[in-house]
Amino acid sequence: IRMTSRAEEHARKRAMRKQLFKTKTGEEEKSWRQRKDEKKQRKEDNMIKVAEELWRSKVDQKYEKLGDSGVGAKAKKVDKGKPYTLSIAIPGSFLLNAQSAELRTYMAGQIARAATLFRVSEIIVYDESSKMTDDQLDMYWGGHWHGDIQPAESNIEANFHLARILEYLECPQYLRKTLFLKQRPLQYAGLLNPLDSQHHLKAYDLQLRYREGVIMDKPVKKGRGALVDVGLDKELELEDETPLPAGTRITVEMGPPDTDLGRRYRGRITSAKKAAAATGQYWGYSVRIAKRIGEVIDHDKYDCIVGTSPKGARAAELEVDTMKHSNILVVFGGIEGVDAAIEGDEAYEQTSAEEAFTLLLRPFVANGSRSERIEENVLVGLSTVDSRIADLYGFAQ
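All values reported here derive from a predicted model rather than from experimental measurement.

Per the secondary structure count, the chain includes ten helices and eleven strands. Across the chain, every contact between residues at least 6 apart in sequence was considered, and the portion connecting residues at least 24 apart equals 71%. Surface accessibility of the chain: about 22,900 Å² in total, with carbon and sulfur atoms responsible for 51%.

This part is about empty space enclosed by the protein. Sizing a probe to match a water molecule and rolling it over the atoms shows the empty space that remains. On inspection of all chains with the given rule, the structure shows one cavity of 30 Å³ or more. Approximately 70 Å³ is the volume found for the largest cavity. Contributing to the lining of the largest cavity are L95, A101, R104, T105, H161, I165, R184, P185 and Y188. Going through the elements one at a time, α3 (101-117) and α5 (157-170) are the ones with two or more residues in the lining of the largest cavity. No other element matches α3, which puts three residues into the lining of the largest cavity. Within the lining of the largest cavity, the residues separate by chemical class into five nonpolar, two polar and two charged.

Given 3.6 residues per turn, any residue in an α-helix points the same way as the ones three and four places further on. Every buried residue belonging to helix α8 (residues 337-344) is among G337, V338, A341 and I342, and all of these are buried. Close packing links the buried residues of α8 with β2 (122-126), β9 (304-313), β10 (326-331), α9 (353-356) and β11 (359-361).

Taken as a whole and judged by the stated rule, the model has six aromatic pairs. Arranged with centres 5.6 Å apart and planes meeting at 20°, the rings of Y84 and Y393 form a pair that is stacked. Taken together, the residues span a long stretch of sequence, with Y84 in strand β1 (residues 84-91) and Y393 in helix α10 (residues 374-393) at a distance of 309 residues. Per residue, the accessibility class of Y84 equals that of Y393, and both read buried. In this structure an aromatic cluster arises from ring pairing among Y140, W141, W145 and F160. Above the ring of Y168, the side-chain terminus of R176 is found at 4.7 Å from the ring centroid.

One closed barrel accounts for five strands, arranged β3-β4-β5-β7-β6; its pairing is mixed. This sheet shows a mean twist of 55° between the axes of neighbouring strands, independent of strand direction. The pairing of strand β6 (residues 249-254) with strand β7 (residues 265-270) spans four bridges and is antiparallel. Paired with V252 across the strands is I269, a residue of β7.

The next thing to look at is the packing of α3 against α5. Between two packed helices, the angle of one axis relative to the other and the distance separating the axes together describe the packing. Relative orientation of the contacting elements α3 and α5 amounts to 55°, with a least axis distance of 9 Å. On the basis of their axis angle, the class for α3 and α5 is oblique. When you trace α3 past α5, the crossing you get is right-handed. Taken together, the residues of α5 that come into contact with α3 (itself represented by T105, A108, G109, I111 and A112) are L162, I165, L166 and L169.

Let's shift gears to the packing of helix α4 (residues 134-141) against α5. One can describe the packing of α4 onto α5 by two numbers: an axis separation of 12 Å at closest approach and a directional angle of 25°. Judged on the interaxial angle alone, α5 and α4 are roughly parallel. In this structure, α4 crosses over α5, and the sense of that crossing is right-handed. Side by side, α4 and α5 meet where Q136, L137, Y140 and W141 of the first sit next to F160, A163, R164 and E167 of the second. Residue composition of the contact of α4 with α5, grouped by class: five nonpolar, one polar and two charged.

This part covers the nonpolar core. Nonpolar side chains in soluble globular proteins tend to end up buried together. Core analysis: the biggest nonpolar cluster contains 59 residues, and I88, I90, L166, Y285 and V378 have the highest contact counts within it. Per-element accounting of this core gives the leading share, eight residues, to α5. With sequence-adjacent residues up to four places away left out, Y285 is seen in contact with A112, A115, T116, V120, S121, E122, I123, L166, L169, E170 and L195. With 19 residues, the next largest nonpolar core counts V296, Y302, V331 and V338 among its residues.

It is worth spelling out the pattern of salt bridges at this point. Taken as a whole and judged by the stated rule, the model has 18 salt bridges. The salt bridge involving R288 is made with E122; its shortest N-O contact spans 3.0 Å. With R288 in strand β8 (residues 286-290) and E122 in strand β2, the pair connects residues that are 166 residues apart, well separated along the chain. For E122, a relative accessible area of 9% puts it in the buried group. Here E319 and R388 are joined by a salt bridge, their closest N and O atoms 3.1 Å apart.

Let us now look at unusual backbone geometry. Its identity is not glycine, yet S130 carries a phi of approximately 60°, on the positive side. Relative to the elements of secondary structure, S130 occurs in the loop between β2 and α4. The exposure class assigned to S130 is partly exposed, which follows from its relative accessible area of 25%. The residue D196 is not glycine, and still its phi comes out positive at about 50°.

Okay, the layout of surface pockets next. Volume-wise, the largest pocket comes out at about 1,100 Å³. Contributions of two or more residues to the lining of the largest pocket are made by β1, α4, α5, α7 (272-279) and β8. With four residues, the single largest contributor to the lining of the largest pocket is α7. Across the lining of the largest pocket, the residue classes tally to 16 nonpolar, ten polar and nine charged. Lining of the second largest pocket is provided by 21 residues; of these, S93, L96, E128, S129 and E153 occupy positions nearest its centre. Elements with a contribution of two residues or more to the lining of the second largest pocket: α5 and α8. Counted by class, the lining of the second largest pocket contains eight nonpolar, eight polar and five charged residues.

About the thresholds
Residues numbered from 1 in each chain as written. Predicted model: local features only at pLDDT ≥ 70, side-chain atom pairs only at ≥ 80, totals over all residues. Heavy atoms only, no water. Helix = DSSP H or I, 4+ residues; strand = E, 2+ residues; numbered from the N terminus. Contact = heavy atoms within 4.5 Å. Areas by Shrake-Rupley, 256 points an atom, 1.4 Å probe, with all protein chains shown as cover. 1 Å grid on protein atoms, 1.4 Å probe; cavity = no way out; pocket = protein on both sides within 12 Å on 5 of 7 lines; lining within 4 Å. Points joined across faces, edges and corners; volume = space filled by probe spheres on them. Nonpolar A, V, L, I, M, F, W, Y, C, P; charged D, E, K, R; others polar. Buried < 20%, exposed > 50% of the residue type's maximum accessible area, 1.4 Å probe, protein only. Phe/Tyr/Trp six-rings, centres within 6.5 Å; stacked < 30°, edge-to-face > 60°. Lys NZ or Arg CZ within 6 Å of the ring centre and 35° of its normal. Pairing = 2+ DSSP bridges. Axes fitted to C-alpha atoms, helices over the stretch in contact; angles between N-to-C directions. Parallel < 35°, antiparallel > 145°, perpendicular 65-115°, else oblique. Left-handed = near helix turned anticlockwise from the far one by under 90°. Core = buried A, V, L, I, M, F, W, Y, C linked by side-chain atoms within 4.5 Å. Salt bridge = Lys/Arg side-chain N within 4 Å of Asp/Glu carboxyl O.

Structure (structure tokens):
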């Protein structure tokens, strides 16, 4: 009998194990280096998983502390805002009181600041002269108006200049370069005080899961959502395909924090109204242009329509149905007041301000000046109306 060496015995056992492993699994036995690499990979995967869970836990705690109710954060009761919506109507002709383009821009900026301070949801710019046509209005909203004509009493350009500046200031800074071309009405907009609105989020601000964005002009694969610029370090990819063209401004709801670890953020399209309701934050105002004051006064849309006049009543006489969510509109007149605007609108059935409005309000109780400027009326009038409505609803400012 030949005695086998120890090396031969080990080789025979390895061959037997290899054959047994191949018989059971149908695969060749992995080398020690392969097993070592796989063990190292599993260890790294576990470390990454633990790090992700720790990061997600910290983000959730941050959202919970900040009171955000967005996706990925624990639900927490937030301030749902005021139980009413406040809209204002301004005649664009008040910009004609300015002696220069700089002053026109500054006056429009004062309107935007007042609207933001009092959480105005809609600003209606109406033509006090009732000379605006449908073609002119379509040209503005169709993107064919560039503001090259100087505002004057002989044209209606002041209305469009006011609307464009209000739109520009309401837009978050990181979207302005994409959405607004270089135009004469915006020449001095950079000198205005920023609105610093609650929906103007910074690049490092991830407190809210809602953001304003614009659809980017980048190709995507079929079945994939469009890419959106939301002012962050990465682009956002929509969950679903959308027929909206590039350059469209949208409100997005970002996905859970664990989806932020990839090459792009993930989210879906929502609305500014839903974002405001979910976060309790003020989500800016919309801008609408009316060809005449008769298109502004709509008692079916607004529950209470207030006109301003030096001969009006005090705010204590204002009454609102507090049993429901009311839509309130405050209409400001031009140099000659709301009476002249109503009389100049031949298509409107009412002939006097007393018949047209729910109440005529006097913003100033005692005025030491011989005149009242529109931008001053807006600030004081909104303060008066807001305080009165707050008292009626019974909540503190």
